[in-house]
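Analysis of the macromolecular model
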Amino acid sequence: MMAGGNERSMKALKEVWRRAENSLCADCGKPDPDWASSTLGVFICLSCSGIHRNIPSISKVKSLKMDHWDDAQVQFLAKHGNAVTKATYEAHIPIYYYQPTYNDCQVLREQWIRAKYERKEFTEPGKQLPYSDGVKEGILWKRGRDNGQFLPRKFLLSEREGCLKYFTKQDAKEPKINIKIDVINATFQPVKIGNPNGLQITYLKDNKTRNIFVYHESGKEVVDWYNAIRSVQFHYLKVAFPIASDNEIKNRLTRNFLKEGYMEKTGPKQREAFKKRWFTLDHRRLMYFKDPLDAFAKGEVFVGSRENGYSVQKGLPLGTQGNFSWHYGLTIVTPDREYLFTCETETDQLDWIEAFTSIINQAMTPQEYAIEAYFKFKS
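Since we're looking at a predicted model, the values are computed, not measured.

1. Quick notes on the overall build of the protein chain
Of regular secondary structure, the protein chain possesses 10 helices and 17 strands. Projecting the C-alpha coordinates of the protein chain onto the three principal axes gives extents of approximately 75 × 55 × 45 Å. A buried classification covers 49% of the 379 residues belonging to the protein chain. Pairs at least 24 residues apart make up 53% of the contacts formed inside the protein chain by residues separated by at least 6 positions. Counting only carbon and sulfur atoms, one obtains 51% of the accessible surface of the protein chain, whose full area is about 18900 Å².

Here it is as structure tokens:
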């Protein structure tokens, strides 16, 4: 039970807390928040309350279960609550701005909370934001492909040119790489990169996936880069697909990988020894790498839809040869061949099967038919 306070106050607090609008964390959407900000009037989860606590000039947080709430504080909560506060602080969020959920990493959630309440980025329409100019230039620390060292590199993002470039030297005239904006994906990877602000940028070159790993010491700066990429992509796609709705375009911006992790694989003859590889499932592309931080995939498998003859099966075909040290097998069936994998644990096996099933059950788009044709031609 809630400690302290008189019964009337506790009853009033419970009533406000029970309102449907307050049943999810105001910042990350996690169900059943049991903390609140007595200065902002929002109901939040334990994790977001920790971020609020780091901004004491803006937010004072208290537990709804363990702390005492006086009458004035309860009245303030009753007058505000998640819906009223969101109507102020989330009034004008750009459609492309990534709004994190409780599954997202700390830097995304912290910068979202700071953008809302501390910097008040979304309170007025048409506000000039650091990621809304259509151009962004600055330094990001990029991991060297061969030596694994992170070195400062100048990056330039341009909506007018529709590309992201980076330069190995500050005064270099020509970029090392010029990447078209429509083939870029960006996803936060703090664990893999070993930095809380680690960002993985992937792009297609000759229809093959390439990885760039970057970070910035400033959480704000790296999240601004992320949203700048989304902004430029959004405006590019608006021109490329004029009849598409804003929401359809929003769904085509940066995406998180469906699943990543180690599995063992064998070759096409299915008699070779199984080798441990790092796998990334990026929508319909299953890529495998020797090391999670490799710049290039060693190979890619296209995962189509069930109606086109693709499926995933638990276990390996009877009589599978080749040495494998992990015993939780799965088989990807394509129209051309079967791909055999083993997982270390049953949980891993079931998670991979679930991820593959989610993709295989989706119908393919015309663009995906073109990618499938390329994969078939290549093989």
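2. A look at the sheet that holds strand β15 (residues 311-314)
Across a sheet, strands are paired by hydrogen bonds formed along the backbone, either parallel or antiparallel in direction. As summarised here, the arrangement of the 7 strands in space is β14-β13-β12-β11-β17-β16-β15, forming an open sheet in which the pairing is antiparallel. Lying at the two open borders of the sheet, with one neighbouring strand each, are β14 (299-302) and β15. Neighbour-to-neighbour, the strand axes of this sheet turn through a mean angle of 35°, independent of strand direction. Relative to strand β13 (residues 285-289), strand β12 (residues 275-282) runs antiparallel, the two being bridged by 5 bridges. Bridge assignment links Leu-281 to a residue of β13, and that residue is Leu-286. The strands touched by helix α9 (residues 346-360) are β11 (259-265), β12, β13, β15, β16 (328-333) and β17 (338-343); relative to β15, the strand with the most contacts, the crossing angle is about 160°.

3. Focus on the packing of aromatic side chains
In this structure the tally under the stated criterion is 18 aromatic pairs. Here Tyr-97 and Tyr-131 contribute two aromatic rings whose centre-to-centre distance is 5.4 Å and whose plane-to-plane angle is 50°, an arrangement assigned as tilted. A residue pair is termed long-range when its members are at least 10 positions apart, and Tyr-97 in the loop between α4 (81-89) and α5 (106-118) and Tyr-131 in the loop between α5 and β4 (135-143) qualify at 34 residues. Residue classification places Tyr-97 among the buried residues on the basis of a relative accessible area of 3%. On the basis of relative accessibility, which here comes to 2%, the residue Tyr-131 falls in the buried class. Ring centres 5.1 Å apart and planes at 65° place the aromatic pair Phe-188 and Tyr-226 in the edge-to-face group. Taken together, the positions of Phe-188 in strand β8 (residues 184-188) and Tyr-226 in helix α7 (residues 219-240) put the pair 38 residues apart, joining distant regions of the chain. Here Phe-188 matches Tyr-226 in class, with each residue buried. Among the aromatic residues, those joined into a ring-pair cluster are Tyr-96, Tyr-97, Trp-112, Phe-122, Tyr-131 and Phe-234.

4. So, the UniProt feature "domain: Arf-GAP" (unreviewed entry) in the protein chain
Residues annotated by UniProt as "domain: Arf-GAP" (unreviewed entry) correspond here to residues 7-130. For residues 7-130, the helix share is 41%, the strand share is 6%, and the end-to-end C-alpha distance is 48 Å.

5. Points about the UniProt feature "domain: PH" (unreviewed entry) in the protein chain
The sites that carry the UniProt feature "domain: PH" (unreviewed entry) are, in the present numbering, residues 133-234 and 256-361. With 20% helix and 46% strand, residues 133-234 has end C-alpha atoms that lie 13 Å from one another.

6. Notes on the nonpolar core
Counting 54 residues, the largest nonpolar core has Ile-44, Leu-157, Ile-184, Phe-188, Leu-199 and Ile-201 as its most contacted members. The set of elements that each furnish at least two residues to this core consists of α2 (46-53), α5, β5 (150-158), β6 (163-167), β8, β9 (199-205), β10 (208-215) and α7. The leading source of residues in this core is α7, at 9 residues. In this structure, Tyr-288, Phe-302, Tyr-310 and Val-312 belong to the second largest nonpolar core, which totals 23 residues.

7. Things to note about the environment of Lys-250
Summarising the element assignment, Lys-250 is placed in helix α8 (residues 246-250). Along the backbone, Lys-250 and His-68 are 182 residues apart, and their C-alpha atoms lie at a distance of 43 Å.

8. Observations regarding the pattern of salt bridges
In the structure shown here, the tally under the stated rule is 22 salt bridges. Arg-19 is the partner of Glu-21 in a salt bridge, and the nearest nitrogen-oxygen pair spans 3.5 Å. A relative accessible area of 30% places Glu-21 in the partly exposed class. The network of salt bridges with common partners includes Asp-27, Lys-86, Glu-90 and Lys-116.

Reading the values: rules and limits
- Residues numbered from 1 in each chain as written.
- Predicted model: local features only at pLDDT ≥ 70, side-chain atom pairs only at ≥ 80, totals over all residues.
- Heavy atoms only, no water.
- Helix = DSSP H or I, 4+ residues; strand = E, 2+ residues; numbered from the N terminus.
- Buried < 20%, exposed > 50% of the residue type's maximum accessible area, 1.4 Å probe, protein only.
- Contact = heavy atoms within 4.5 Å.
- Areas by Shrake-Rupley, 256 points an atom, 1.4 Å probe, with all protein chains shown as cover.
- Pairing = 2+ DSSP bridges.
- Axes fitted to C-alpha atoms, helices over the stretch in contact; angles between N-to-C directions.
- Phe/Tyr/Trp six-rings, centres within 6.5 Å; stacked < 30°, edge-to-face > 60°.
- UniProt positions renumbered as here; feature names shortened; annotations may be inferred.
- Core = buried A, V, L, I, M, F, W, Y, C linked by side-chain atoms within 4.5 Å.
- Salt bridge = Lys/Arg side-chain N within 4 Å of Asp/Glu carboxyl O.

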